[in-house]
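Summary of structural features
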Amino acid sequence: MTKNLKNNIGTVLGCLLILVWCLLPVVWIISLSFKSQEAVTVGSPGFFPSDGGGAGWSNYTDVLKDDQFFRSIVNSIGISLIATVLSVGLATLAAYAIARLEFVGKRFVLTTALVIAMFPVVSLVGPLFDMWRTFGIYDTWPGLIIPYMSFTLPLAIWTLSAFFREIPWEMEQAAQVDGATSWQAFRKVIVPLAAPGVFTAAILTFFFAWNDFVFGISLTSTEAARPIPAALSFFVGADPFNRPASLLAAGAVVATVPIIILVLFFQRKIVAGLTAGAVKG
Amino acid sequence: MSVDTPAKHTARAPRPSKPAESDRSRAENSLARKLVAPALILMLLVTAFPMLRALYLSLFEYSLTAPDDRNFVGLGNYGTALSDPLFWRDTGNTVMIMIVTVAFELVIGFAFAMVMHKVIFARGAIRTSILIPYGVITVVSGFAWQFAFSNTNGFVNSWLPFTPDDFNWFGQYWSSMVAIMASEIWKTTPFMSLLLLAGLAQVSEDMLEAAKVDGATWWQRLWKVILPNMRAAIMVAVLFRALDAYRIFDNIFVMTAGANGTESISFLTYRQVIEQFQLGIGSALSVLLFLSVLVVAFVIVKLFRVNLADARQEG
């Protein structure tokens with residue numbers, strides 16, 4: 001009985017620790033975004049804004065009024081969404097084949113995906129920088145969408161083929177017995193069943209594209225295509241030797257909001273997707 | 001291909017003639033190829049092709065500031081890179097970051113996974129909060145921690161008992177590294193803990209109960225039952241995270257920009273190619289980076305005898 005109680009207290013403490021670990025830096029950056037720019041320039045140590053050092057919402061209005069920052073939000077949303085849709089579409093086709101069909105070269109596809117997931121992206125920026133300038137897609141949306149797609153495909157293919165293995169395939173066979181072709185069986189029977197998995201893969205793909213930094217700074221040079229992470233890192237404000245910490249914090253919070261919303265709504269799906277490839281079911 | 005490639009689902013009624021069977025599997029093969037081709041081509045287009053191009057460019061002395069005088073230098077760029085102490089210093093930094101962060105993440109992540117496995121109340125809230133660091137952009141995490149450690153606007157100095165309030169964390173090598181690794185560990189531990197949680201769920205409760213009845217202590221159950229049974233999950237998590245940590249770039253770029261010798265190998269490559277337009281030596285560094293990732297992967301797979309089929313989830 002007392003041992004049980006001790007265990008429970010341990011678990012509660014553990015939970016509190018997890019909450020503090022996960023949320024402290026987030027709360028901190030929110031708190032920082034409410035410090036006034038004057039206070040930050042002079043130096044305003046401490047977790048919360050000091051008395052008289054608060055800024056209200058002014059950092060947020062400043063950041064959203066900043067043309068470059070606003071453009072980068074539009075870029076990030078547009079590029080990430082397009083890359084997600086295209087990548088998940090292609091991955092769905094490939095994952096269906098992997099989970100469902102016997103074919104020569106399946107191991108090759110799976111191994112390629114695994115290798116690409118581990119690929120050091122920085123080693124590609126040199127040649128891509130050169131190639132993209134030759135093709136004329138340097139500093140454009142497609143110039144980022146293409147690399148995002150190829151680097152999210154492995155993740156999407158994994159997640160999806162793990163989901164597809166769980167689908168009751170007898171239904172597809174029933175459709176085929178009733179005279180449907182392989183393609184019809186895929187489109188009419190499997191797609192509706194697979195939708196939740198596809199959705200999970202889409203969220204994870206979106207996270208990747210939203211988070212990318214290496215391609216974002218290497219393959220863009222103006223606000224025509226520069227995504228949020230790159231824009232934040234180049235955001236120096238009026239005085240380059242004293243970064244406007246509170247303004248940057250406000251920008252960072254804005255960039256984090258879409259992710260937090262996704263996490264709040266789709267927590268269960270994200271966890272299922274992240275761990276789909278980790279253990280054999 | 002051979003005629004008798006077995007079709008996976010043999011449940012359908014036996015057909016009288018053999019050719020029908022092979023038609024079927026041939027159709028399956030060709031459908032599969034059509035379905036896989038677009039994804040495969042795209043993946044190779046942006047990785048294999050540029051990598052081959054990097055291999056080619058690495059043999060030249062080639063700078064974008066003077067694109068017309070491109071001289072073939074053979075393996076000269078590799079010689080330059082490998083004999084440069086900068087290359088070895090940055091590789092050392094990267095390996096150190098990889099080992100330290102993965103070790104911390106494994107221990108903390110496992111503790112988190114144990115708590116999450118036990119908890120019955122507020123499961124959703126805990127999971128939601130553990131996903132937040134995973135979702136936060138690395139650049140944002142870098143900024144958050146940089147400002148947290150800052151001696152003008154941060155709170156770390158005033159919270160830690162052993163640092164003076166004006167201690168400059170980014171003034172020298174070791175403390176800068178601590179700050180970089182703090183950001184890296186904070187951001188990626190949740191991912192590790194979710195992978196480990198999935199592994200923990202696979203450990204049979206009956207086995208644990210049996211060990212308990214036989215009088216095994218908590219410590220013994222951990223080392224003799226739980227850990228051996230989730231070996232596969234641990235190894236996959238370590239492999240993924242280690243290779244990810246070896247690519248560290250964002251945090252260093254944002255937090256120190258490589259000051260005080262905190263550069264990583266990815267950062268060095270980026271600096272050569274994008275900032276200094278040295279495509280020749282930059283490409284050589286790209287190839288070396290790629291090869292070193294392969295070496296790291298190989299060492300981990302061999303050292304811990306990771307079963308790649310687990311990672312590829314065949315079976």
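Topic: the overall build of chain A
Helix and strand content of chain A: twelve helices and zero strands. In chain A, the succession of α and β elements from N to C terminus is α-α-α-α-α-α-α-α-α-α-α-α. Considered along the principal axes of its C-alpha atoms, chain A spans approximately 75 × 75 × 30 Å. Within chain A, the proportion of its 281 residues that are buried is 56%. Considering only contacts within chain A whose residues lie at least 6 apart along the sequence, 72% involve residues at least 24 apart.

Thoughts on the overall build of chain B
When helices and strands are counted, chain B shows 15 helices and two strands. A compact globule built from 315 residues should have a C-alpha radius of gyration of about 20 Å, whereas chain B, at 25 Å, is more than 25% larger. Seen along its three principal axes, the alpha-carbon backbone of chain B occupies a region of about 80 × 70 × 35 Å. Relative to all contacts within chain B whose residues are 6 or more apart in sequence, the contacts with residues 24 or more apart total 65%. Put simply, chain B shows about 14,200 Å² of open surface, and 66% of that area lies on carbon and sulfur atoms. Charge separation in chain B, taken as the distance between the mean sites of 25 positive and 23 negative side-chain charges, equals 11 Å.

Notes on the nonpolar core
In this structure, Phe 164, Phe 215 and Leu 232 of chain A together with Phe 110, Ile 226 and Phe 249 of chain B are the most contacted members of the largest nonpolar core, which totals 194 residues. Looking at which element gives the most residues to this core, the answer is helix α12 (residues 245–275) of chain A, with 15 residues. With residues near it in sequence (within four places) discarded, Ile 226 of chain B still touches Phe 110, Met 114, Leu 200, Val 203, Leu 208 and Arg 221 of chain B.

Describing the confidence of the model for chain A
Of all residues in chain A, 93% attain a pLDDT of 70 or more, and the chain-wide mean is 81. Across chain A, the element-wise mean pLDDT spans from 72 in helix α2 (residues 37–42) of chain A up to 89 in helix α4 (residues 67–100) of chain A.

A short note on the interface of chain B and chain A
In this assembly, 98 residues from chain B lie in contact with 107 residues from chain A. Counting the surface lost from both chain B and chain A, the interface buries some 9,600 Å², and carbon and sulfur atoms represent 75% of this. On the surface where chain B and chain A come into contact, there are one salt bridge. Asp 130 of chain A is paired through a salt bridge with Arg 53 of chain B; the nearest N and O atoms lie 3.0 Å apart. For the interface between chain B and chain A, the tally reads nine residue pairs in polar contact (both at pLDDT 80 or more). Of the residues forming the side of chain B that touches chain A, the biggest block, 14 residues, is contributed by helix α1 (residues 18–46) of chain B. When the residues that make up the side of chain B that touches chain A are grouped by side-chain class, the tally is 67 nonpolar, 19 polar and twelve charged.

Details of the pattern of salt bridges
Oppositely charged side chains can form a pair if their charged atoms are brought close together. Residues and elements named next belong to chain B. Enumeration over the complete set of coordinates arrives at nine salt bridges over all chains. In this structure, Asp 90 engages Arg 89 in a salt bridge whose closest nitrogen and oxygen atoms are separated by 3.1 Å. By sharing partners, the salt bridges in this structure join Glu 105, Glu 184, Arg 241, Asp 244 and Arg 247 into a single network.

Focus: the pairing of strand β2 (residues 66–72) of chain B
All names here are of chain B. Strand direction decides the pairing type here: strand β1 (residues 60–63) and β2, joined by three bridges, are antiparallel. The residue of β2 that forms the bridge with Glu 61 is Asn 71. In this structure, the hairpin formed by β1 and β2 is closed by a connection of two residues.

Things to note about unusual backbone geometry
You will see that Asp 139 of chain A, though not glycine, has its phi angle at about 60°, which is positive. Topologically, Asp 139 of chain A is positioned in the loop between α6 (122–135) and α7 (141–165). Taking relative accessible area as the criterion, Asp 139 of chain A reaches 12% and is therefore assigned buried. Positive phi values are uncommon outside glycine, yet Ala 257 of chain B reaches one of about 55°. Tracing the chain through its elements places Ala 257 of chain B in the loop between α12 (250–255) and α13 (265–275).

Remarks on the side chain of Thr 152 of chain A
All names here are of chain A. With respect to the secondary-structure elements, Thr 152 resides in helix α7. Since its relative accessible area comes to 1%, Thr 152 is described here as buried. Within the structure, Thr 152 has its side chain in polar contact with the side chain of Ser 87 (distance 3.0 Å). Residues within four places of Thr 152 in sequence aside, it is in contact with Ser 87, Thr 205 and Phe 208.

Re the domain arrangement of chain B
The domains assigned to chain B are domain 1 (1–46) and domain 2 (76–311). Taken over C-alpha atoms, the centre of domain 1 of chain B sits 41 Å from the centre of domain 2 of chain B.

Cut-off values and rules
Residues numbered from 1 in each chain as written. Chains lettered and ligands numbered in written order. Predicted model: local features only at pLDDT ≥ 70, side-chain atom pairs only at ≥ 80, totals over all residues. Heavy atoms only, no water. Helix = DSSP H or I, 4+ residues; strand = E, 2+ residues; numbered from the N terminus. Buried < 20%, exposed > 50% of the residue type's maximum accessible area, 1.4 Å probe, protein only. Contact = heavy atoms within 4.5 Å. Rg over C-alpha atoms; globule rule 2.2 N^0.38 Å. Areas by Shrake-Rupley, 256 points an atom, 1.4 Å probe, with all protein chains shown as cover. Lys, Arg positive; Asp, Glu negative; His and termini not counted. Charge placed at Lys NZ, Arg CZ, Asp CG, Glu CD. Core = buried A, V, L, I, M, F, W, Y, C linked by side-chain atoms within 4.5 Å. pLDDT = per-residue confidence, 0-100. Buried area = accessible area lost by both parts, 1.4 Å probe. Salt bridge = Lys/Arg side-chain N within 4 Å of Asp/Glu carboxyl O. Polar contact = N/O pair within 3.5 Å; in protein donor to acceptor, adjacent residues only side chain to side chain. Nonpolar A, V, L, I, M, F, W, Y, C, P; charged D, E, K, R; others polar. Pairing = 2+ DSSP bridges. Domains from an automatic or database assignment.

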